[in-house]
Amino acid sequence: MAERKAKLFGGTPIVQEYNFDNRLLKNGELNVMVFERPDVEWARFIERNRNRKLSPFEHSFDIVIGPVADDGVAYLMGRYHEGTISIEQLAKELEYKQLNNQYLFASIKAIRLLERIN
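Attention here is on the structure that accompanies the text. (Residues numbered from 1 in each chain as written. Predicted model: local features only at pLDDT ≥ 70, side-chain atom pairs only at ≥ 80, totals over all residues. Heavy atoms only, no water.)

## Here we look at the packing of aromatic side chains
To keep it simple, the criterion reads: Between the rings of Phe, Tyr and Trp (Trp by its six-membered ring), a pair exists once the centres lie within 6.5 Å; its type follows the angle of the planes, with under 30 degrees stacked, over 60 edge-to-face, and the other angles tilted. Secondary structure is summarised from DSSP: a helix means a run of H or I of at least four residues, a strand means a run of E of at least two, and numbering begins at the N terminus for each. Relative accessibility under 20% of the residue-type maximum defines a buried residue, over 50% an exposed one, and the middle range a partly exposed one, all with a 1.4 Å probe and only protein chains included.
Applying the stated criterion to the full structure yields five aromatic pairs. Between phenylalanine 20 and tyrosine 103, the aromatic rings sit 6.4 Å apart at their centres with planes inclined by 70°, giving edge-to-face as the arrangement. One end of the pair, phenylalanine 20, is in the loop between strand 1 (18–19) and strand 2 (32–34); the other, tyrosine 103, is in strand 4 (residues 101–105), with 83 residues separating them in the sequence. For the pair phenylalanine 35 and phenylalanine 45, a centre-to-centre distance of 5.4 Å together with 50° between the ring planes defines the contact as tilted. Placement of the pair is phenylalanine 35 in the loop between strand 2 and helix 2 (40–50) and phenylalanine 45 in helix 2, with a sequence separation of 10 residues. The same class applies to phenylalanine 35 and to phenylalanine 45, which are both buried. Put simply, the rings of Phe20, Tyr103 and Phe105 touch in pairs and so form one group of aromatic residues.

## Comments concerning the pattern of salt bridges
Think of it this way: side chains of opposite charge can pair up when their charged atoms draw near. As a reminder, the rule being used: By salt bridge we mean one thing: a side-chain nitrogen of Lys or Arg within 4 Å of a carboxyl oxygen of Asp or Glu.
For the coordinates displayed, the defined rule picks out one salt bridge. Linking arginine 23 and aspartate 21 is a salt bridge whose minimum nitrogen-to-oxygen distance equals 2.8 Å. In this structure arginine 23 comes out as exposed when scored by relative accessible area, which is 67%. A relative accessible area of 30% places aspartate 21 in the partly exposed class.

Rendered as structure tokens:
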């Protein structure tokens, strides 16, 4: 991904690796949102996060875990913004995509829990 972005926008690709202790997700000290699968709630969160009119999109979560919103998701979001599909149709179409999970460390509190290894 870093190489692809560097080719598109120029520059040198950089990849940094971090460790995170997943036990911290359940100790009650972090406000964590987990989206188990692409559904209407997840689609609304992604749409608000990508909507430039709401920039910066604010929420109260320290960490958000859920499916990666890749280029295919961007295409479907575009259809939703055009009005050619509803939010429910968007979520339904996303159910069929093979999406990996990603972690969003959204607060300084959460970022400080990362341990850089590379």
